[in-house]
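# Residue-level structure breakdown
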Amino acid sequence: MKDSLSRPVHRWPVRITHWVNLFAMTCMFMSGWEIYNASPLFDFRFPPAVTLGGWLGGAIGWHLALMWLLALNGLCYLLWSLFSGHFRHNLLPLRLSALRRDIWLALTLRLQHRDGKYNAIQKLMYLGVLVLGLLLVLSGLALWKPVQLSWLVALFGGFDIARYVHFFAMAAVGLFVIIHLLMVIIVPRTLWAMLSGGKREG
């Protein structure tokens with residue numbers, strides 16, 4: 001028990017991959033919006049001020065370069081989480097009864113935040129964003145190499161559907177980021193914990 005309390009809230013691999021992920025995801029969003037603008041799915045375009053690349057070719061260059069950084073960073077996080085027990089101790093198990101309880105507590109503004117212990121809603125969000133990340137990677141590969149990976153394109157139901165899957169998965173990750181930022185504003189000490197490691201509560 002003493003060992004557990006002496007550990008920081010966020011160990012250094014989590015902190016490093018978190019900030020690398022922030023940089024890579026921001027650039028991926030912005031370059032992706034520039035790519036979207038070249039062939040919009042819907043009746044709107046993203047303002048040039050929030051896009052990256054300047055033109056379609058430049059945006060694709062940025063998107064592919066950051067894709068490798070994001071993939072490597074994600075692989076490092078997954079491997080460390082599996083072998084260190086991070087997944088097992090912090091994100092699992094996720095029980096339906098605990099999720100129902102914590103949703104009710106959140107809706108009635110009684111859900112408490114304990115440093116070093118994820119509630120069921122946090123577990124669901126973190127596991128969910130990992131699934132969304134996998135969906136983004138697979139749909140992105142289908143869009144990048146539709147001929148070479150025709151089986152993957154077919155799995156999504158065609159190139160056009162893969163574009164919609166990629167867009168909506170990106171939008172869902174964006175919603176996760178917005179909620180994540182709101183939580184940081186509500187509990188600002190979580191930002192310091194992600195910078196310094198923080199101290200685990202008893």
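Note that the coordinates shown come from a computational prediction; the quantities given were computed from them, not determined experimentally.

### Observations regarding the nonpolar core
Grouped together as the largest cluster of nonpolar side chains are 20 residues, with contacts concentrated most on F29, F167, M170 and V173. Within the residue set of this core, elements represented by two or more residues are α2 (12-38), α3 (56-84), α6 (120-144) and α8 (159-186). Viewed by domain, this core spans two of them, domain 1 (10-92) and domain 2 (94-201), each represented by three or more residues.

### Side note on the UniProt feature "transmembrane region" (unreviewed entry) in the chain
According to UniProt, the positions carrying the feature "transmembrane region" (unreviewed entry) are residues 12-33, 53-80, 124-144 and 164-187. Across residues 124-144 one finds 100% helix and 0% strand; the C-alpha atoms that close the span lie 30 Å apart.

### Points about the packing of helix α5 (residues 96-107) against α6
Running from amino to carboxyl end, α5 crosses α6 at an angle of 110 degrees, the nearest separation of the two axes being 8 Å. With respect to α6, the element α5 is oriented roughly perpendicular. Judged by residue contacts, A98, L99, D102, I103 and A106 of α5 engage A120, I121 and L124 from α6. Split into classes, the residues belonging to the contact of α5 with α6 amount to seven nonpolar, no polar and one charged.

### Let's talk about α5
For α5, which comprises twelve residues, the first-to-last C-alpha distance of 16 Å matches the rise-based estimate of 16 Å (1.5 Å per residue) to within 8%. Listed as buried for α5 are A98, L99, D102 and L105. Angularly, the buried residues of α5 cover 130 degrees about the axis, an arc narrow enough to put them on a single face. Residues L96, R100, W104 and L107 are exposed on α5 and point more than 90 degrees away from its buried face. Packed against the buried residues of α5 are α6. Two residues or fewer after α5 comes L109, characterised by a positive phi angle close to 60 degrees.

Procedures and definitions
Going along each chain's sequence as written, the residues are numbered from 1 onward. Reporting in this predicted model follows two pLDDT cut-offs: at least 70 for local features of residues, and 80 or more for side-chain atom pairs to be given and counted; totals over whole chains, interfaces and linings ignore these cut-offs and use all residues. Calculated side-chain values reflect all of the structure's heavy atoms, with hydrogen atoms and water omitted. Throughout, nonpolar core names a set of buried Ala, Val, Leu, Ile, Met, Phe, Trp, Tyr and Cys residues whose side chains join them through atoms within 4.5 Å. Here the term buried applies to any residue with accessible area under 20% of the maximum for its type, exposed to any over 50%, and partly exposed to those in between, with areas from a 1.4 Å probe on protein chains only. Every helix listed is a DSSP run of H or I at least four residues long, and every strand listed is a run of E at least two residues long, numbered separately from the N terminus. Segmentation into domains, and thus their bounds, comes from an automatic or database assignment. UniProt positions are given in the numbering used here, feature names are shortened, and annotations may be inferred rather than shown by experiment. Axes here refer to lines fitted to C-alpha atoms; in helices the fit is confined to the stretch in contact. Angles between the N-to-C directions go from 0 to 180 degrees. Our angle categories are set so that under 35 degrees counts as roughly parallel, over 145 as roughly antiparallel, 65 to 115 as roughly perpendicular, and the remainder as oblique. Any two residues whose heavy atoms approach within 4.5 Å at even a single point are treated as in contact. All residues other than Ala, Val, Leu, Ile, Met, Phe, Trp, Tyr, Cys, Pro, Asp, Glu, Lys and Arg, Gly among them, are scored as polar; the first ten of these are nonpolar and the last four charged. Here, expected helix span is obtained from the residue count minus one, scaled by 1.5 Å. The arc refers to the directions leading from the helix axis to the C-beta atoms.

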